[in-house]
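Working through the structure, step by step
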Amino acid sequence: LGIVLNYEEDYEKSEENYRKANALIPTWTFPINNIGTNFLEKADYKNASIYYKKVLDIQPNNRNSYNNLGAVSENLGRYQEAENYFYKVKEFGGEYLSITLRNLGKLYKKKGNIKGAEGYFLQAIQKDSTDVEALFDYTDLLIDESIDAQKALGLLKKAIQLEPFLAKGYANYATFLRRFP
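Residues numbered from 1 in each chain as written. Predicted model: local features only at pLDDT ≥ 70, side-chain atom pairs only at ≥ 80, totals over all residues. Heavy atoms only, no water.

Interhelical geometry of helix α6 (residues 79-92) versus helix α7 (residues 97-110) gives an angle of 155 degrees and a closest axis separation of 9 Å. Considering their axes alone, α6 and α7 lie roughly antiparallel with respect to each other. Of the two elements, α6 crosses α7, and the hand of that crossing is left-handed. Packed against α6, whose contacting residues are Tyr79, Ala82, Glu83, Phe86, Tyr87, Val89 and Lys90, the element α7 presents Leu97, Thr100, Leu101, Asn103, Leu104, Leu107, Tyr108 and Lys110 at the interface. Taken together, the residues of the contact of α6 with α7 break down into ten nonpolar, two polar and three charged. (Axes fitted to C-alpha atoms, helices over the stretch in contact; angles between N-to-C directions. Helix = DSSP H or I, 4+ residues; strand = E, 2+ residues; numbered from the N terminus. Parallel < 35°, antiparallel > 145°, perpendicular 65-115°, else oblique. Left-handed = near helix turned anticlockwise from the far one by under 90°. Contact = heavy atoms within 4.5 Å. Nonpolar A, V, L, I, M, F, W, Y, C, P; charged D, E, K, R; others polar.)

We now examine unusual backbone geometry. The backbone phi angle of Ala43 is positive, close to 65 degrees, even though this residue is not glycine. Relative to the helices and strands, Ala43 is located in the loop between α3 (29-41) and α4 (45-58). The phi torsion at Ser146 lies on the positive side, around 50 degrees, for a residue other than glycine. Considering the arrangement of structural elements, one finds Ser146 in the loop between α9 (132-144) and α10 (149-162).

The next point concerns the packing of aromatic side chains. Tallied over the full model, the rule gives eight aromatic pairs. With a centroid separation of 5.7 Å and 25 degrees between ring planes, the pair formed by Trp28 and Phe30 is classed as stacked. Residue classification places Phe30 among the partly exposed positions, given a relative accessible area of 38%. Sitting over the face of the ring of Tyr51, Lys54 holds its NZ or CZ atom 4.5 Å from the ring centroid. Geometry around Tyr108 places Lys111 over its ring, the cationic atom sitting 5.0 Å from the centre. (Phe/Tyr/Trp six-rings, centres within 6.5 Å; stacked < 30°, edge-to-face > 60°. Buried < 20%, exposed > 50% of the residue type's maximum accessible area, 1.4 Å probe, protein only. Lys NZ or Arg CZ within 6 Å of the ring centre and 35° of its normal.)

Residues Leu24, Ile25, Trp28 and Phe30 make up a contiguous nonpolar surface patch of about 430 Å² in total accessible area. Tracing the chain through its elements places Leu24 in helix α2 (residues 11-24). Of the residues examined, Leu24 reaches a relative accessible area of 72% and is grouped as exposed. (Patch = residues over 30% accessible without salt bridge, like charges linked within 9 Å, V, L, I, M, F, W, Y side chains within 5 Å. Areas by Shrake-Rupley, 256 points an atom, 1.4 Å probe, with all protein chains shown as cover. Salt bridge = Lys/Arg side-chain N within 4 Å of Asp/Glu carboxyl O.)

Another point: α7. Because each turn of an α-helix spans 3.6 residues, side chains separated by three or four positions end up pointing in the same direction. Taking 1.5 Å of rise per residue, the 14 residues of α7 would be expected to cover 20 Å, and the 20 Å separating its terminal C-alpha atoms lies within 8% of that figure. Of all 14 residues in α7, ten are buried, a share of seventy percent or more. Of all the positions in α7, only Leu97, Ser98, Thr100, Leu101, Arg102, Asn103, Leu104, Gly105, Leu107 and Tyr108 are classed as buried. On its buried face, α7 is in contact with α5 (63-75), α6, α8 (114-127) and α9. Taken from the residues just after α7, Gly112 is the one with a positive phi, measuring 90 degrees. (Expected span 1.5 Å × (residues − 1).)

Attention shifts here to the nonpolar core. Within the largest apolar cluster, 26 residues are counted, with the highest numbers of intra-cluster contacts made by Tyr138 and Phe176. Residue assignment for this core shows that the elements contributing at least two residues are α6, α7, α8, α9 and α10. Among the elements that line this core, the one with the most residues is α9, at eight residues. Apart from the residues within four sequence positions on either side, Tyr138 is in contact with Glu118, Phe121, Leu122, Ile125, Lys151 and Leu155. Counting 16 residues, the second-largest nonpolar core is a separate cluster that includes Leu40, Tyr45, Leu69 and Val89. (Core = buried A, V, L, I, M, F, W, Y, C linked by side-chain atoms within 4.5 Å.)

Remember that the coordinates give geometry; whether it matters functionally is a separate question.
The following block contains the structure:
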């Protein structure tokens, strides 16, 4: 229920449900992490960090919390710290790796390292060819930097085929058509 309420941006009720779950099973990191995500989505980075670190106190190798701490750091403009958190997940491998590689791509793009960004987006897509967000992020890079219009178009079409109901795909396609008529 907390997930649904979070999706509906009812963060107060979402947090209430996560707290109830946490009271039942105090060592279950899922609800603690998601309380942090509620704070992250409200741009309350201080509280988000507190909850992600609580998860790491219970489960020191929790990839999701390291990814989320990276997102917090990135949002605060602490790019090196964000990169360190993302690299920590990369060292672990396995679950969340494509998300981490995508996050590194977005971070490198923000820092102006276009080749590095492209490399990480490609790695993310190679790790999970159905990661639509990685496909979108990579096409954004290809379009924004005018790197390869045909490649961007092919990736956009693939992303739209994978998730035909996501408006973002069509918005990206419209941007593409405006840039490359």
